[in-house]
Amino acid sequence: MRDLFLAYQSLVAFVGINGLLALSVYATLCCGQLSLANAGFMAIGAYTGALITLHSNAPFIAVLAAAALAPALVAVPLGLPVLRLRGVFLAIATIGFGEMVRLFFVNWDYTNGAMGLVAIPQRAGLWTIWLSLAVALYLLARVRGSRFGTALEAIREDETAARTMGIDTTAHKLAMLVLGAGLAGLAGGLEAHYTFMVAPGGYGFARVVEMLVQAVVGGTAAFFGPVAGAAFLTVLPEVLREAGSRLGFAPGPFRLLLNGLILLAVILYLPNGLVSLKRRKA
Amino acid sequence: MLSLGQVSKAFGGVRAVDGASFEVEKGEVHGLIGPNGAGKTTLLNLISGLSQPTGGAISLDGARIDGLPAHRIAAKGIARTYQNIRLFAGLSAADNVVVGQYLQRRAPLWRRLLLLPSARREEREALRAAEETLARVGLRGRAHERAVNLSYGEQRRVEIARALAAQPRVLLLDEPTAGMSAPEADAVARLVREVAREGCAVLLIEHNVKLVMALCDRITVLNFGQVIARGSPSEVAKEPVVIEAYLGGA
């Protein structure tokens, strides 16, 4: 059992990190906003954390706080103009932001451009990661049902009606964008201090799609759905790899194919998350 | 209480509302009638801040409210319903009404984050109040049904309950009885009367002429964005311009 745990330690860590990332997408999704800036926010958090660790001896908790705070601060001037956009236009604008951040780090010599920063001390362990996830889950669990939480639901269902009920929709959407940015930055900081390195390639469009798919597969009707989705989609490839080698067929392309088929089956037959997506469009 | 002075709204060259002036007093049920496309709903959108007038002034108790964002206008005590129902479809009837209480509730999030029992109490209280408001519109038994599953008439009544939950000083109703059966419409009319008696100023758009004549204290008639007549129901009914606007002049 202990051996098994040690063998899969990094998998457990990545379930936690991906869980945080899926929650960061859920933060805006739960008030009906499809924002795809989170890989960019994650990059800002990762680089902020890594640079502080490499150039100072600040305690890790302060490093993580800075990793969460930096993208949260960036989210304010980003959100004020882009949150006026709706649906697919918001998605496109935020993808643009993500690419901007990535290209910034590719071209920034101070952080070695596309090579990124390496030899970051491993300061994040399983418990720091899972404690962070627990705090995030608690936060989102308590928001639901509160006055603030009902306002978010109202915005998701009908923004115009919400406004005439006295809800400052822009402020609420901005608050959730900032919260999502903070969570993504925190996850970025944790990952940087777990994998020893940060490089712009890890924060491209594919990364935010991965977060979104995990959140949607898990289901956005409940705050724990995204974490379940992250756990499922992080563990699945490993299970398939293991099963493949036991059954004696080479992993490789078949594994990816099977992974895709299972993903498709989940979306087709467990449309809980997709239902809320459809509702948002209506 | 609510006063409109020379309010205009132009969409390009179309003057949807053209210099409309009238007042709605406290405790009054004020009817706003006119043929389709007369600008009634546009006027309601201007009052509730969903769109901005291109001219004129809207004031509440003497203070200008035109130009304020919709949520600030709601905070000043103006609530409304919609002609094409805008409920929060995925939420239960009770939760819809709880959203309506948004401006009344005092429940800071930190209290909830610290798991203080007062937060839980406040939420239970909100839900109980919502059920009571639903009882007022005759929907006590439907409180936990999702809004999409309610009948058309029931949805209209949930919208009224949601607006009442804000304890408004001015209530704007956009065709509240459209699609309702006669007894249902009568019940809504009684409720509107009661709300006005409690001191609310009610501005009502309605196509059911019999109901308007029986319910309203005063009526303003709009045609092509302009006020063509105003007065008590009996006065308005006698106006030749009104008859012409409704029946069509030759």
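Residues numbered from 1 in each chain as written. Chains lettered and ligands numbered in written order. Predicted model: local features only at pLDDT ≥ 70, side-chain atom pairs only at ≥ 80, totals over all residues. Heavy atoms only, no water.

> Describe the interface of chain B and chain A, naming the residues involved and giving the relevant values.
On the side of chain A, 28 residues touch chain B, which itself brings 31 residues to the contact. Carbon and sulfur atoms make up 60% of the surface buried where chain B meets chain A, a total of about 2,600 Å² over both sides. By the criterion of area lost to chain A, the three top residues of chain B are His71(B), Tyr102(B) and Arg112(B), representing 27% of everything that side buries. Between chain B and chain A we count 1 salt bridge in total. Inspection of the chain B/chain A interface yields 11 residue pairs in polar contact (both at pLDDT 80 or more). Elements with a contribution of two residues or more to the side of chain B that touches chain A: helix 2 (70–75), strand 6 (78–80), helix 3 (93–100) and helix 4 (109–113) of chain B. A breakdown of the residues in the side of chain B that touches chain A according to their chemical character gives 18 nonpolar, 5 polar and 8 charged. (Contact = heavy atoms within 4.5 Å. Buried area = accessible area lost by both parts, 1.4 Å probe. Salt bridge = Lys/Arg side-chain N within 4 Å of Asp/Glu carboxyl O. Polar contact = N/O pair within 3.5 Å; in protein donor to acceptor, adjacent residues only side chain to side chain. Helix = DSSP H or I, 4+ residues; strand = E, 2+ residues; numbered from the N terminus. Nonpolar A, V, L, I, M, F, W, Y, C, P; charged D, E, K, R; others polar.)

> Before we move on, could you go through the environment of Gly62(B) and cite the residues and values that matter?
All names here are of chain B. Positionally, Gly 62 belongs in the loop between strand 4 (55–60) and strand 5 (63–64). The exposed category is assigned to Gly 62, whose relative accessible area is 72%. Separated by 60 residues in the primary sequence, Gly 62 and Leu 2 place their C-alpha atoms 8.1 Å from one another. (Buried < 20%, exposed > 50% of the residue type's maximum accessible area, 1.4 Å probe, protein only.)

> Describe the packing of aromatic side chains, naming the residues involved and giving the relevant values.
Under the criterion given, the structure shown has 8 aromatic pairs over all chains. Measuring from centroid to centroid gives 5.4 Å for Trp108(A) and Tyr110(A), while their planes differ by 50°, and the two rings are tilted. For Trp108(A), a relative accessible area of 31% puts it in the partly exposed group. Aromatic rings pair up to connect Tyr47(A), Phe104(A), Phe105(A), Trp108(A) and Tyr110(A) into one cluster. Above the ring of Tyr102(B), the side-chain terminus of Arg147(A) is found at 4.0 Å from the ring centroid. Arg86(B) extends its terminal NZ or CZ atom over the ring of Tyr82(B), reaching a point 5.7 Å from the ring centre. (Phe/Tyr/Trp six-rings, centres within 6.5 Å; stacked < 30°, edge-to-face > 60°. Lys NZ or Arg CZ within 6 Å of the ring centre and 35° of its normal.)

> Break down the confidence of the model for chain A for me, citing the residues and quoting the values.
On average, residues of chain A score 89 in pLDDT, and 93% of them reach the 70 mark or higher. In the predicted structure, residues 274–282 of chain A sits below a pLDDT of 50 and forms 14 contacts with residues beyond four places in sequence or in another chain. (pLDDT = per-residue confidence, 0-100.)

> I'd like a rundown of the sheet that holds strand 4 of chain B, residues and numbers included.
Residues and elements named next belong to chain B. Strand order in the open sheet made by the 4 strands is 2-1-4-5, with antiparallel pairing throughout. Two strands in the sheet have a free side with no partner beyond their single neighbour: strand 2 (14–24) and strand 5. When strand 1 (residues 2–11) meets strand 4, the two strands line up antiparallel, connected through 5 bridges. Counted as the bridge partner of Ser 8 is Gly 55 from strand 4. Seen against the sheet, helix 1 (residues 40–47) touches strand 1, strand 2 and strand 4 and runs at an angle of roughly 115° to strand 1. (Pairing = 2+ DSSP bridges. Axes fitted to C-alpha atoms, helices over the stretch in contact; angles between N-to-C directions.)

> Hey, could you go over the pattern of salt bridges for me, with residue numbers and the actual values?
Residue and element names in this part refer to chain B. Using the criterion set out here, one finds 24 salt bridges over all chains in the structure. Taking the shortest distance from any N to any O, the salt bridge between Arg 142 and Glu 154 comes out at 3.1 Å. Pair noted here: Arg 142 is in the loop between helix 5 (117–136) and helix 6 (152–165) and Glu 154 is in helix 6, with a separation of 12 residues, a long-range link. Look at Arg 142 and you get partly exposed, because its relative accessible area is 28%.

> Please set out the environment of Leu263(A) residue by residue, giving values where relevant.
All names here are of chain A. With respect to the secondary-structure elements, Leu 263 resides in helix 12 (residues 253–269). Residue classification places Leu 263 among the partly exposed residues on the basis of a relative accessible area of 24%. For Leu 263 and Leu 233, which are 30 residues apart along the polypeptide, the C-alpha to C-alpha distance reads 8.1 Å. Those residues in contact with Leu 263 that lie beyond four places of it in its chain are Val 213, Val 217 and Leu 233.

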